[in-house]
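Tertiary structure, described
The lines below spell out each chain.
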Amino acid sequence: MELEEAKEFKERCSQCAAISWGLTDEGKYYCTSCHNVTERSKEVINTEAIPNAKIKTINRGLRRKRKCEKGWDWFVCEGFQHILYQQAEALKALGVGPELKDEVLHNFWKRYLQKSKQAYCKNPIYTSGRKTKVLEDNISHSDWASEPELLSDVNCLSFVESGAESQSDAQTQKSFPLTKASQPESASVCSGSLDGVEYSERKEKGILKMTVPRTLAFCYLSLLWQRETITLSDLLRFVEEDHIPYINAFQHFPEEMKLYGRDKGIFTIESWPDYEEIHKNMIEVATFLDLPRFPDITEACYLHPSVLSMKYLMEVNLPDEMHGLTCQVVKMTGIGEADFLTFDPIAKMAKTVKYDIQAVAVIIVVLKLLFLLDDNLEWSLSDLAEIHNEENKQDKPWFDFRKWYQVMKKTVDEKKQKWEETRAKYMWKSEKPLYHSYIDRPVVYKRREMVVNLQKQFSALVDSTPTVEKKSPSSFQFNWTKEDADKTCFHGHSLQGILIKKGQSLITKNSLYWLSTQKFCKSYCKHVTTYEESNFSLSYQFVLNLFSFLLRIKTSLLHEEVSLIEKKLFKKKYSETKQKSSRSRKVRRH
């Protein structure tokens, strides 16, 4: 239809000399051969559609462009602010308290803008060559006036103003310093944002540049400050399940925030968030913001290993009686102390505990204490449990490791297959087309429209609708109930066949233990130890792979945490064996 309307334009293209024209959304002619866009526009016949507009000749078009054609003047930090706002709203929908967005995340972001000298300071420096001025009046002109403001006026925490340059006048009380560029409109021809080009090239020492992965670091810092019941692995899983905006988060930008050119490299993400990367970014952000010691992680907190281990015992269908043993390991190793668990960014060695990985590692250590996991003892104990359960069907069943292994392997394999299929089918391209420059916009939108139409036609031919089911958010990935006949629930099973009574206490029948790591790497290494599957038993590999999939982390990362807990638990045995061969071997515990 647009090609027919453009037939009346018979001039040759200045680029390729062809006479084949189409019309853009703005009514301008573009060459269908080389996609060159002219300054000429189609003559408007119906003047009633454009009131108060003065019609000129065809070669001049409308004297005044639409206000939203080029979009708002906006800075990169405003784009990240919008992503943070959307993520905070998503966390609120997941059940997190509103104070996380209105107070904690608000103050972290404000402090970042102060530290990076982008706002809330006397002389905001957005780029080295651009002069900006803060508009003191008419706040309704803000690009964010139509959105509930992330940086709303709330009572700030006491640490926000300390250590960063701030203003006491009314200017700093606004949610965001409104800026107006003094450069001409052509300054942002290579990006939709005013400072996209400069931001992508900026390498200022001592300034932590904001990235999309670091938005998740801000979110997790806020969750940790509030001591919410969401771990880092939960946060990344919610991102993967599309409950929290991350991939193509720029799609939620207002229509007036045009994003193209260098903005693509800043706001587009082509990989899933990695646990280690986000954890590292979290420490970097907290250190850059010079945050004080976080609220203590006590035994009443969800992130305490004694509490969190119970959650993962339920998740992987292990007996409830194991919780008492995990609590003993936590107490003996000292990893349950508040000073060990609490994050302190201003400490000499700023580091934080990987709470979910630590809790899972404690469970693996307990499994090794009970069953040794050497591909021998666990199966012998399973034979005894099977015989007892057959002869005493009315009594509380003994925990059968072999049966648990069979149930979990089948369930995890099915879950993993669905997870891999979902990842393979994920549509990485955004619904909002991206283009390198504003001149390319009509062509990109036209191509996108053709792709969408072809997809609809193909779906109609194969009689299928390309819909992706969105899972309801849940803290648990597996559901174990006694009513489910297909999946045995082991929560109520007894450890009686594994423990023996000695005096007033119970001890394990197994008196052996092998250390996962006997010789740790030097301090200058980036890792604590190495993990080679062939050096370990199949049972240990299965347990590691099970929990690694549960947390969506690398198996080597979990193996390192297990080794560190063993080092604390068996200080004497470790010192005796660390000079021996690096191969894992059995050592006596008592």
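- If you look the chain up in an unreviewed UniProt entry, it shows as TATA box-binding protein-associated factor RNA polymerase I subunit B from Sciurus vulgaris.
- Per its UniProt entry, the chain bears the Sequence similarities (unreviewed entry) comment "Belongs to the RRN7/TAF1B family."
- The heading Subcellular location (unreviewed entry) in the UniProt record of the chain holds the text "Nucleus, Nucleolus".

Points about the overall build of the chain
- Regarding its fold elements, the chain presents 18 helices and nine strands.
- By the burial criterion, 47% of the 590 residues in the chain qualify as buried.
- Within the chain, contacts between residues separated by at least 24 positions form 74% of all contacts whose residues are at least 6 apart in sequence.
- When the accessible surface of the chain is totalled, it reaches about 31,500 Å², and 49% of it is carbon and sulfur.

Details of the packing of helix α10 (residues 322-333) against helix α17 (residues 555-569)
- Relative to each other, α10 and α17 sit at 70°, their axes nearing to 8 Å. As far as their axial angle goes, α17 and α10 are roughly perpendicular. Between α10 and α17 lies a crossing whose hand is left-handed. In this structure, α10 contributes V329, M332 and T333 to the contact, and α17 contributes I565, K568 and L569.
- Among the residues making up the contact of α10 with α17, the classes are represented as four nonpolar, one polar and one charged.

A look at the pairing of strand β6 (residues 499-502)
- Two elements, β6 and strand β7 (residues 505-508), share four bridges in a ladder whose sense is antiparallel. Across the sheet, L499 pairs through a bridge with T508, a residue of β7.
- Linkage of β6 to β7, two consecutive antiparallel strands, is achieved through a turn of two residues, within which G503 is found at a positive phi near 70°.

A few points about the pattern of salt bridges
- Applying the stated criterion across every chain yields a total of 17 salt bridges.
- The partner of D339 in a salt bridge is R293, with the nearest N and O atoms 3.1 Å apart. Placement of D339 in helix α11 (residues 338-341) and of R293 in the loop between α8 (275-289) and α9 (305-315) is noted, with a sequence separation of 46 residues between them.
- What makes D339 exposed here is its relative accessible area of 63%.
- Three or more residues are tied together by salt bridges with common partners; here these are E89, K101 and D102.

Focus on the nonpolar core
- Counting residues in hydrophobic clusters, the biggest one holds 130 residues, and the most contacted among them are F80, F218 and F267.
- Counting residues per element, this core draws most heavily on helix α12 (residues 355-371), which supplies 14 residues.
- Ignoring anything within four residues of it in the chain, the contact list for F218 reads L84, L105, F108, W109, Y112, M210, V285 and L289.

Description of helix α14 (residues 401-424)
- Its 24 residues give α14 an end-to-end C-alpha distance of 34 Å, which sits within 8% of 34 Å, the value for a rise of 1.5 Å per residue.
- Of all the positions in α14, only F401, W404, V407, M408, T411, V412 and W419 are classed as buried.
- The inward-facing, buried residues of α14 abut α6 (232-240), α12, α13 (377-391) and α16 (538-551).

Focus: a positive patch on the surface
- A surface patch of positive charge is lined by K351, K567, K568 and K571.
- Locating K568 in the fold gives a position in helix α17.
- With relative accessibility at 32%, the residue K568 sits in the partly exposed group.

Here's the deal with the packing of aromatic side chains
- For the coordinates displayed, the defined rule picks out 31 aromatic pairs.
- Measuring from centroid to centroid gives 5.9 Å for W379 and Y405, while their planes differ by 75°, and the two rings are edge-to-face. Of this pair, W379 sits in helix α13 while Y405 is found in helix α14, placing the two residues 26 residues apart along the sequence.
- Overall, Y405 belongs to the partly exposed group, its relative accessible area being 26%.
- Directly above the aromatic system of Y199 lies the positively charged group of K209, at a separation of 5.0 Å from the ring centroid.
- Above the face of the F478 ring, K415 is positioned so that its terminal group lies 5.9 Å from the ring centre.

Some details on α12
- Taking 1.5 Å per residue, 17 residues should reach 24 Å; α12 reaches 25 Å between its end C-alpha atoms and fits that length.
- The buried fraction of α12 is high, at 17 of 17 residues.
- Backbone geometry just downstream of α12 places L372 in the positive-phi region, at approximately 70°.

Brief notes about the confidence of the model for the chain
- Confidence in the prediction of the chain, expressed as mean pLDDT, is 78, and 71% of residues score 70 or more.
- pLDDT under 50 marks residues 44-68. Its contacts with residues more than four places away, or in other chains, come to 21 contacts.

Overview of unusual backbone geometry
- We note that D375 has phi near 65°; this positive angle belongs to a residue other than glycine.
- Looking at the secondary structure, you find D375 in the loop between α12 and α13.
- By relative accessible area, which is 30% here, D375 ends up partly exposed.
- Residues other than glycine seldom take positive phi values, yet R552 does so here, at roughly 60°.
- Tracing the backbone through its elements, the reader meets R552 in the loop between α16 and α17.
- Residue R552 is classed as partly exposed on the basis of its relative accessible area of 23%.

Focus: the packing of α14 against α16
- Following both chains from N to C, one finds α14 and α16 inclined at 40°, their axes separated by 11 Å at the closest point. In terms of orientation, α14 lies oblique with respect to α16. Where α14 crosses over α16, the two elements pack in a sense that is left-handed. Two secondary-structure elements touch here, α14 through F401, W404, Y405, M408, K409, V412, K415, K416 and W419 and α16 through S539, F542, L546 and F549.
- Partitioning the contact of α14 with α16 into residue classes produces nine nonpolar, one polar and three charged.

Side note on the side chain of S193
- You can see S193 is positioned in the loop between β5 (179-181) and α4 (196-201).
- Here S193 falls in the buried class, since its relative accessible area comes to 0%.
- Engagement of the side chain of S193 in a polar contact is seen with the backbone nitrogen of G196, the distance being 3.1 Å.

A few points about the environment of I230
- Positionally, I230 belongs in the loop between α5 (212-226) and α6.
- Using a relative accessible area of 8% as the deciding quantity, one classes I230 as buried.
- Here the alpha-carbon distance between I230 and L94, two residues 136 residues apart in the chain, equals 9.8 Å.
- Excluding residues that lie within four positions of it along the chain, I230 makes contacts with L91, V96, Y220, L223, L235, F238 and Y302.

Conventions we followed
- Each chain has its residues counted from 1, following the order in which its sequence is written.
- Only residues with pLDDT of at least 70 are given local features in this predicted model, and only at 80 or more are side-chain atom pairs given and counted; all residues enter the totals for whole chains, interfaces and linings.
- Side-chain measures were taken over the full set of non-hydrogen atoms in the model, leaving aside hydrogen atoms and water.
- UniProt positions are given in the numbering used here, feature names are shortened, and annotations may be inferred rather than shown by experiment.
- Note on conventions: DSSP H or I runs of at least 4 residues are helices, E runs of at least 2 residues are strands, and numbering of each starts at the N terminus.
- Relative accessibility thresholds used throughout: buried, under 20% of the residue-type maximum; exposed, over 50%; partly exposed, between the two (1.4 Å probe, protein chains only).
- Pairs of residues are marked as contacts when any of their non-hydrogen atoms sit within 4.5 Å.
- Surface accessibility in these figures is a Shrake-Rupley result with a 1.4 Å probe; residues are shielded only by whichever protein chains are displayed.
- Every angle, taken between N-to-C directions, lies between 0 and 180 degrees, and every axis is a line fitted to C-alpha atoms, over only the stretch in contact when it is a helix.
- Put simply, angles under 35 degrees are roughly parallel, angles over 145 are roughly antiparallel, angles from 65 to 115 are roughly perpendicular, and the rest are oblique.
- Left-handed describes a crossing in which the near helix is turned anticlockwise from the far one by less than a right angle; the clockwise case is right-handed.
- Under this grouping Gly is polar, as are all residues other than the nonpolar Ala, Val, Leu, Ile, Met, Phe, Trp, Tyr, Cys and Pro and the charged Asp, Glu, Lys and Arg.
- When DSSP locates at least two bridges between a pair of strands, those strands are taken to pair.
- Each salt bridge in this description consists of a side-chain nitrogen of Lys or Arg and a carboxyl oxygen of Asp or Glu lying within 4 Å of one another.
- We define the nonpolar core as a collection of buried residues of types Ala, Val, Leu, Ile, Met, Phe, Trp, Tyr and Cys that are connected through side-chain atoms lying within 4.5 Å of one another.
- A helix's residues, less one, multiplied by 1.5 Å, set its expected span.
- Nonpolar side chains (Val, Leu, Ile, Met, Phe, Trp, Tyr) are joined into patches within 5 Å and like charges within 9 Å, using only residues with over 30% relative accessible area and no salt bridge.
- Residues scored as positive are Lys and Arg, those scored as negative are Asp and Glu, and His as well as the terminal groups of each chain are ignored.
- The location of each charge is read from NZ of Lys, CZ of Arg, CG of Asp or CD of Glu.
- Aromatic rings from Phe, Tyr and Trp, taking only the six-membered ring of Trp, are treated as a pair when their centres fall within 6.5 Å; an angle between ring planes under 30 degrees marks them as stacked, one over 60 as edge-to-face, and anything in between as tilted.
- In this analysis the charged atom, NZ for Lys or CZ for Arg, is taken to sit over a ring once it is within 6 Å of the ring centre and within 35 degrees of the ring normal.
- Here pLDDT means the predictor's own confidence in every residue, given as a number from 0 to 100.
- A 3.5 Å cut-off defines polar contacts: any pair of N or O atoms within that distance qualifies, except that in protein one atom must be a possible hydrogen donor and the other a possible acceptor, and neighbouring residues in sequence count only when both atoms are side-chain atoms.

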